[in-house]
Amino acid sequence: MRKKKVLIHSNHCKAFTGFGKHTKNILLHLQKTGKYELVEFSNGIKWDDPMLSTLPWKCQGSLPNNPALLNKLNQDPNLARSAGYGGQTIDRIIKEEKPDVYIGIEDVWAFSGYIDKPWWNKINCMIWTTLDSLPILPEAEKIAPKIKNYFSWASFASKELNRIGHTHAKTLHGAVDTSKFFKISEKDINLIKNEQKILNDDFIIGFVFRNQLRKSVPNLLEGFKLFCNQNPKANPKLLLHTHWKEGWDIPRLIKEKGINPKNILTTYFCKNCKKYEIKSFSGEGLDCRFCGSEKSQETTNTKAGVSDEQLNEIYNLMSVYCHPFTSGGQEIPIQEAKLAELITLVTNYSCGEDCCTEEASGLPLSWTEYREPGTQFIKASTNPESIASQLKKVFNMKTKRAQEMGQRARQFVIDNYSVKVIGEKLEKIIDEMPEADWNFSFEAESKNEEYNPPEIKNDSDWIIDIYKNILKIEVSNSDEGHIHWMKRLSEDMSREEVLSYFKQVANQENKKNKKIDFAELLDKDDEDSRLLISMPESIGDVFLCTSLLKNIKETYPKYNIYFATKPEYFDILDGNPFIHKVIPYSKGLDNLTAMEGQGNHKGFFEVAFLPFIGTQRMLNYMHNGKDKIQFNLCT
């Protein structure tokens, strides 16, 4: 029997991010089973990047490797973000690899538009996402009925999805490598403290985080200040393992709150000798005391940071771990700290609910609700008083009690988050999926505008039936479209009127999706002397373009001018002496490199002008360096 091909789409497995660590853990586990053919699709990496060839499984980048196209995409933030998540290349890798299973592991909005792809649910599709706030992201709720295998990293999200009717949503935590994080001996801890110039009686409060605004740094600093004032003999230090050049302006917050900056520590990492140093922050680009390199130390970041082995040492330097945040999908550092047998203080909201229970051997931090502007998501403002109170509880805790809690915390992670446990659950999910039948077309499915439904008494069932059999769309009674048509049937429309509307939509969709053999529209004897002007609409723009035709013809006298526009505007161009042929506009005509050709690909036209694209979103003036271009429609 052939192995199932599994396509894992997420952050690159070597990225210093939560998604990156998780991807590495899952791929390594699945590879060790020997049961699957694995393909990694790495967000933010260029297609065919040479570094991807060194991995033990096939890996491809999500970004196009065309520099000119990338440059244009990067000028539009929305397009750049979409491209980074594979928006430009997802169909290509699906077609080329033909996976049996597609697993998307990102924030849910990274998969925008995927459920409408021709291949969606024709193969086994699984979304394994991080949802971090209530109410559930509208997009995550909207697409839920179309995701047959829907998993969230935290139980609060799947519980809420279940509550609002999506009972198929389940929890599958992100996988944590339990072999890399553990309690080391007191002797070794003391040696590390000595190297890092940390006193044995320092009470080290740790926080490992990406310096994002949803990490509650101001609240933690305020709680730390309260704890210091209330416990002057504790000799406390706050270790912020993060990058200080992004997110919160931490030095400013420290000064604002009147905290001695010497009591705030951070991790510096040398890009040359790869050693780390724990000390107070004094800027970026510092000299390394270990190797003597100048300006080689930076606060740890996603591009240059400590290894897991080094991070485990840093956790072991801590006396307690504190993780206040507004919301989060899982927050892997919490599990890593537990594996090092630390007592963890976690905001009791979002994914934090899973890790601050008695079973999880964590202490909850209370919070006050606020609403995020725009989205109106519930967010947590962690109470500084709660931080100070829980820190005091740990500081005064008997050693034996603290050790018992730490050991129980480690076992909780092993039982619920370990690569072994999560990997085996994923294996079961994949193994229960059928092999994909690739006997389907990537073209849009034809709608059935001739369909007449049978006698169905229930309006809800009737709407589901016509969606399925006319528009070829599977819906449930919780979908927006279903709710809309139920309301219209109860208020102002008859079944006959709704059915007529559905058939009209089907007719329009079929016309839009009708495949035209573009080459058949062109003459056979002018292959090297064609010129294209593409102006799909509107009536005024098409008319204005006719004023350019005389000058274009004089500039290119030997070229046949093809004018592409929507059929409803053909009449405007009838009888124009400069136009050789009017052809119907289709989407491919906005692709300049396809029209003129690139590299070994010969285009359909020697010269193509796309004056209707007046933004930087698409290439309309590159022309692949052709020396035939003598006319500028932009001036």
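Residues numbered from 1 in each chain as written. Predicted model: local features only at pLDDT ≥ 70, side-chain atom pairs only at ≥ 80, totals over all residues. Heavy atoms only, no water.

Draft legend 1. How the structure looks around the overall build of the chain. Helix and strand counts for the chain come out as 21 helices and 23 strands. Projected onto its principal axes, the C-alpha positions of the chain cover 95 × 70 × 55 Å. Sequence-distant contacts, at least 24 apart, represent 64% of the contacts inside the chain between residues at least 6 apart. Surface accessibility of the chain: about 30,600 Å² in total, with carbon and sulfur atoms responsible for 49%. (Helix = DSSP H or I, 4+ residues; strand = E, 2+ residues; numbered from the N terminus. Contact = heavy atoms within 4.5 Å. Areas by Shrake-Rupley, 256 points an atom, 1.4 Å probe, with all protein chains shown as cover.)

Draft legend 2. Structural detail: the nonpolar core. Of all hydrophobic cores here, the largest spans 126 residues; its most connected members are Ile94, Tyr102, Ile103, Trp119, Trp128, Tyr150 and Tyr315. Contact partners of Tyr150, with chain neighbours within four places excluded, come to Val108, Ile127, Thr129, Leu131, Ala140, Ala144, Leu161, His168, Ala169 and Lys170. Counting 17 residues, the second largest nonpolar core, distinct from the first, contains Ile463, Leu471, Met493 and Val505. (Core = buried A, V, L, I, M, F, W, Y, C linked by side-chain atoms within 4.5 Å. Buried < 20%, exposed > 50% of the residue type's maximum accessible area, 1.4 Å probe, protein only.)

Draft legend 3. How the structure looks around the sheet that holds strand β5 (residues 124-129). Reading across the sheet, the seven strands line up as β3-β2-β1-β4-β5-β6-β7 and stay open at both edges, with parallel pairing between neighbours. Of all strands in the sheet, those with a lone pairing partner are β3 (58-63) and β7 (170-171), marking the two edges. The pairing of strand β6 (residues 149-152) with β7 spans two bridges and is parallel. Looking across to β7, one finds that Ser152 is bridged to Thr171. Docked against the sheet, helix α3 (residues 77-84) engages β2 (36-46) and β3, running at close to 175° with respect to β3. (Pairing = 2+ DSSP bridges. Axes fitted to C-alpha atoms, helices over the stretch in contact; angles between N-to-C directions.)

Draft legend 4. Quick peek at the environment of Lys425. With respect to the element layout, Lys425 can be found in helix α14 (residues 419-431). Residue classification places Lys425 among the partly exposed residues on the basis of a relative accessible area of 45%. Spatially, the C-alpha atoms of Lys425 and Leu172 are 8.1 Å apart, while their sequence positions differ by 253 residues.

Draft legend 5. Structural view of the packing of helix α1 (residues 18-33) against α14. Put simply, α1 and α14 touch, their axes get as near as 10 Å, and they point 65° apart. Pair α1 / α14 crosses with right-handed handedness. Between α1 and α14, the residues in contact are Asn25, Ile26, His29, Leu30 and Thr33 and Val419, Lys420, Ile422, Gly423, Glu424, Leu426, Glu427 and Ile430, respectively. Its residues assigned to classes, the contact of α1 with α14 comprises six nonpolar, four polar and three charged. (Left-handed = near helix turned anticlockwise from the far one by under 90°. Nonpolar A, V, L, I, M, F, W, Y, C, P; charged D, E, K, R; others polar.)

Draft legend 6. Highlighting the sheet that holds strand β20 (residues 581-584). Spatially, four strands are ordered β20-β19-β18-β23 in an open sheet, and the strand pairing comes out parallel. The sheet is open, and its two borders are formed by β20 and β23 (607-609), each paired with just one other strand. Between one strand and the next, the sheet's axes are offset by a mean angle of 20°, whatever the strand orientation.

Draft legend 7. Layout of the packing of helix α8 (residues 217-230) against helix α12 (residues 384-395). In the contact formed by α8 and α12, the axes pass within 8 Å of each other and the chain directions differ by 50°. Here α8 lies oblique to α12, going by the angle between them. Note on packing geometry: the crossing formed by α8 with α12 is right-handed. Every residue of α12 that contacts α8 at Asn219, Leu220, Glu222, Gly223, Leu226, Phe227 and Gln230 is listed here: Pro384, Glu385, Ile387, Ala388, Leu391, Lys392 and Phe395. A breakdown of the residues in the contact of α8 with α12 according to their chemical character gives eight nonpolar, three polar and three charged. (Parallel < 35°, antiparallel > 145°, perpendicular 65-115°, else oblique.)

Draft legend 8. Molecular detail of the pattern of salt bridges. Under the definition given, this model contains 34 salt bridges. A salt bridge links Glu369 to Arg371; the nearest nitrogen and oxygen atoms lie 3.0 Å apart. Overall, the relative accessible area of 43% leaves Arg371 in the partly exposed class. We note a salt bridge from Lys566 to Glu537, for which the minimum N-O separation is 3.3 Å. Of this pair, Lys566 sits in the loop between β19 (560-565) and α20 (570-573) while Glu537 is found in the loop between β18 (530-534) and α18 (539-545), placing the two residues 29 residues apart along the sequence. Owing to a relative accessible area of 38%, Glu537 belongs among the partly exposed residues under this scheme. Here the salt bridges do not stand alone but share partners, grouping Lys21, Lys24, Asp177, Lys180, Asp308 and Glu336 into one network. (Salt bridge = Lys/Arg side-chain N within 4 Å of Asp/Glu carboxyl O.)

Draft legend 9. Inspection of the state of the cysteines at higher detail. Scanning the entire structure with this criterion turns up zero disulfides. The closest cysteine sulfur to the non-disulfide-bonded Cys322 is located on Cys356, 12 Å from its own sulfur. (Disulfide = S-S within 2.5 Å.)

Remember, this is a structural readout, not a statement about activity or role.
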